[in-house]
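# Observations on chain architecture
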Amino acid sequence: MRATLSKIKDYLLKHRHDPVPEQLKWLRRVLQGHMNYFSVPGNGLRINAFRTEVQKLWYKALKRRSQRSKLSWKKFAAFINTVLPRVKVLHPWPEQRFDVKYSR
């Protein structure tokens, strides 16, 4: 998780002045891909922690765009919760997944 967050941080710092919709599109894809892979039962807290860290990194990058930034965390959180994918378990428990009966 630390390596992935480091790569996201590097990307956000390099693309800090790109338009926000472009950054948002990229972040959505990264978060959705992370959730598609790691979103198994029992891993919800870690996925939520990853999402929170990505939010913090993006907030920090956006705040550094200007010396007179008026972006507050409260305002940013209200925005981010509507545009980024929510954390949800996408894969079933193994006993549900492997208990499927195939008709032959």
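Bear in mind the structure is a predicted one, so any value in this text is a computation, not a measurement. (Residues numbered from 1 in each chain as written. Predicted model: local features only at pLDDT ≥ 70, side-chain atom pairs only at ≥ 80, totals over all residues. Heavy atoms only, no water.)

## Thoughts on the nonpolar core
Our working rule: We call a set of buried residues a nonpolar core when its members are Ala, Val, Leu, Ile, Met, Phe, Trp, Tyr or Cys and they connect through side-chain atoms within 4.5 Å of each other. When a residue's accessible area, from a 1.4 Å probe over protein chains only, is under 20% of the maximum for its type it is buried; when over 50% it is exposed; and in between it is partly exposed. Numbering of helices and strands runs from the N terminus; a helix is a DSSP stretch of H or I covering at least four residues, while a strand is a stretch of E covering at least two. Here, residues are in contact when the closest pair of their heavy atoms is within 4.5 Å.
Counting 17 residues, the largest nonpolar core has Ile8, Leu12, Leu27, Val54 and Trp58 as its most contacted members. Listing elements by their share of this core, those giving two or more residues are α1 (2-14), α2 (20-38), α3 (44-63) and α4 (73-83). Tallying contributions element by element places α3 first for this core, with seven residues. Contacts of Leu12, omitting those with residues within four sequence positions, involve Leu27, Leu57, Trp58 and Ala61.

## Side note on α1
Counting along an α-helix, one turn takes 3.6 residues, and residues three or four places apart therefore face a common direction. Our working definition: How far a helix is expected to stretch is found by multiplying one less than its residue total by 1.5 Å. Working definition: the arc comes from the directions between the helix axis and the C-beta atoms, pointing outward to the latter.
With 13 residues, α1 should cover 18 Å at 1.5 Å per step; its first-to-last C-alpha distance of 18 Å lies within 8% of that length. Among the residues making up α1, those that are buried are Leu5, Ile8 and Leu12. What you see down the axis of α1 is that its buried residues fit within an arc of 60 degrees, all on one side. Exposed and oriented more than 90 degrees from the buried face of α1 are Ala3, Lys7 and Lys14.

## Notes on the packing of α1 against α2
What describes two packed helices is the angle between their axes and the distance between those same axes. Definition in use: Orientation is described by axes fitted as lines to C-alpha atoms, over the contacting stretch for helices, and by angles from 0 to 180 degrees between their N-to-C directions. Here roughly perpendicular refers to angles of 65 to 115 degrees, roughly parallel to angles under 35, roughly antiparallel to angles over 145, and oblique to all remaining angles. Here the nonpolar group is Ala, Val, Leu, Ile, Met, Phe, Trp, Tyr, Cys and Pro; Asp, Glu, Lys and Arg are the charged ones; every other residue, Gly included, is treated as polar.
Remark: α1 packs on α2, axes separated minimally by 12 Å, with the N-to-C direction vectors making an angle of 175 degrees. Classed by the angle they form, the pair α1 and α2 counts as roughly antiparallel. Contacts between α1 and α2 involve Ile8, Tyr11 and Leu12 from the former and Trp26, Leu27 and Val30 from the latter. Residues belonging to the contact of α1 with α2 are distributed by class as follows: six nonpolar, no polar and no charged.

## Points about the packing of α2 against α3
Put simply, the rule is: The handedness criterion is simple: a crossing whose near helix is rotated anticlockwise from the far helix by less than a right angle is left-handed, and one whose near helix is rotated clockwise is right-handed.
Packing of α2 against α3 brings their axes to within 11 Å, and their N-to-C directions diverge by 165 degrees. Relative to α3, the element α2 is oriented roughly antiparallel. The two elements α2 and α3 meet at a crossing, and its hand is right-handed. Together, Val20, Gln23, Leu24, Leu27, Leu31, His34, Met35 and Phe38 of α2 and Ile47, Phe50, Arg51, Val54, Trp58 and Leu62 of α3 make up the contact between the two elements.

Purely spatial values, then, with no claim about function.
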